[in-house]
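For reference, the chains in residue letters:
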Amino acid sequence: MSRLVVVGSGTVVPEADRGCSSYYLELGGGRILLDCGAGAVQSLARLGLPWSGISDLVITHFHADHVGAVPGLFFALKHGITPPRRDDLAVWGPPGTRLLFERLAAALGDYLLDPGFPLAFRELTPGSRAELSCGVALSVHETAHTEESHAVRMDGPEAAVGYTGDTGPVAGLGRFFAGVDLLVSECSLTDDQVGDNHLSPTRVATIAAEAEPDVLLLSHIYPHVRERLDVPALVAAAGWTGPTRVAADGMSVALPVEWGRSASGS
Ligand SMILES: [Zn+2]
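What you are looking at is a predicted structure, and each value in this text was computed from that prediction instead of being measured.

J.: What is the right way to look at the coordination of the zinc ion in this model?
T.: Bound to the zinc ion on the protein side are His61 (NE2), His63 (ND1), His145 (NE2) and Asp166 (OD), at distances that span 2.2 to 2.4 Å. For the zinc ion, the four donor atoms are set out with angles of 88 to 166 degrees between them, so the coordination reads as irregular. Between the donor residues of the zinc ion, the gaps in sequence give the motif H-x1-H-x81-H-x20-D. A residue is classified by how much of its surface remains accessible, and His61, at 0% relative accessible area, is buried.

Below you can see the structure in the form of structure tokens.
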């Protein structure tokens with residue numbers, strides 16, 4: 001079965017029931033972790049997900065709410081598994097990903113570069129495309145957020161999944177996600193609150209109208225927005241009326257999505 005499970009749907013703001021950004025994706029036989037924000041390791045265990053057997057870690061950018069749990073994950077992969085892990089792990093990310101791990105290792109320990117099993121770093125420049133060991137195609141597109149940040153798209157035999165990471169408006173992002181089954185999009189703030197480095201309901205609607213995903217999953221919504229407003233209704237009012245949900249930690253979406261546009265005929 002292919003699925004995406006929301007491991008962490010929160011933001012930098014700590015919330016009792018939401019961890020920082022992280023998503024677990026089973027696609028094409030791969031066990032892919034998309035971002036590993038603070039709190040992700042315990043959430044993976046709590047949700048019963050095979051944290052010790054992930055095949056690929058895909059990083060969108062270096063903010064702590066997207067990579068903060070990386071040291072804890074690697075410490076657990078090295079010391080928290082009996083018998084020790086032997087399988088390869090590929091770490092995919094923007095240019096600078098290996099340097100990030102080198103700096104973490106210098107501060108915290110060699111286990112971040114030598115966890116006791118083969119570790120490969122694969123840095124991707126915007127516009128490039130690569131293939132995971134499971135055969136899933138991974139593409140990246142620049143985003144307007146940090147110097148290194150990028151969005152990712154994974155095309156597998158069962159479905160295609162897009163994930164914005166964090167971004168402001170950027171040319172071509174909607175086309176990059178064209179035709180995905182599931183689009184996980186940040187929607188941090190309202191139209192009148194948002195700056196250049198995040199998305200709002202109208203910006204998400206613009207991307208979704210171009211991409212036409214089967215399903216849009218809104219995530220990384222600041223709590224003061226999510227708790228007071230009907231965010232999917234705001235996105236619909238801005239022009240995207242396809243199936244839209246707000247992500248919650250533990251939510252599992254089977255792929256291809258049974259309640260998507262193609263299933264409903266809309
Ligand atoms: Zn960020």
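Let's pick the thread back up.
J.: I keep staring at the packing of aromatic side chains and nothing clicks. Help me out?
T.: Ring pairs (aromatic) are described by centroid distance and by the angle formed between their planes. In total, this model carries five aromatic pairs according to the counting rule given. Centroid distance Phe75 to Tyr111: 4.8 Å. Interplanar angle 55 degrees. Geometry classified as tilted. In this pair, Phe75 sits in helix 3 (residues 70-79) while Tyr111 sits in the loop between helix 4 (97-108) and strand 6 (119-123), placing the two residues 36 residues apart along the sequence. Note on Phe75: relative accessible area 45%, which makes it partly exposed. A cation sits over an aromatic face here: Arg85 above Phe117, 4.6 Å from the ring centre. Geometry around Trp259 places Arg245 over its ring, the cationic atom sitting 4.1 Å from the centre.

J.: What's the story with the sheet that holds strand 8 (residues 137-142) in this structure? I'm lost.
T.: Strand pairing in a sheet takes place through backbone hydrogen bonds and is either antiparallel or parallel in direction. The mixed open sheet is built from seven strands, whose spatial order is 7-8-9-10-11-12-13. The open sheet terminates on both sides in strands that have one partner only, identified here as strand 7 (129-131) and strand 13 (244-246). Mean inter-strand twist for the sheet, computed between neighbouring axes without regard to direction, equals 20 degrees. Two strands pair when backbone bridges link them, and strand 9 (residues 150-155) and strand 10 (residues 160-163) are joined in this way by four bridges, in the antiparallel orientation. Within strand 10, the position partnered with Met154 by the bridge is Val161.

J.: When you look at the side chain of Ser21 in this model, what are you seeing that I'm missing?
T.: Here Ser21 is to be found in the loop between strand 1 (2-8) and strand 2 (22-27). Polar side-chain contacts of Ser21 include one of 3.4 Å to the side chain of His66. Apart from residues no more than four positions distant in its own chain, Ser21 is found in contact with Gly8, Gly10, Asp35, Cys36, Gly37, Asp65, His66, Tyr163 and His220.

Each value, and the rule that gives it
- Residues numbered from 1 in each chain as written.
- Predicted model: local features only at pLDDT ≥ 70, side-chain atom pairs only at ≥ 80, totals over all residues.
- Heavy atoms only, no water.
- Donors = N, O, S within 2.8 Å, 3.2 Å for Na, K, Ca; no water.
- Tetrahedral: all angles 85-135°; square planar, octahedral: opposite > 155°, others 65-115°.
- Buried < 20%, exposed > 50% of the residue type's maximum accessible area, 1.4 Å probe, protein only.
- Phe/Tyr/Trp six-rings, centres within 6.5 Å; stacked < 30°, edge-to-face > 60°.
- Helix = DSSP H or I, 4+ residues; strand = E, 2+ residues; numbered from the N terminus.
- Lys NZ or Arg CZ within 6 Å of the ring centre and 35° of its normal.
- Pairing = 2+ DSSP bridges.
- Axes fitted to C-alpha atoms, helices over the stretch in contact; angles between N-to-C directions.
- Polar contact = N/O pair within 3.5 Å; in protein donor to acceptor, adjacent residues only side chain to side chain.
- Contact = heavy atoms within 4.5 Å.

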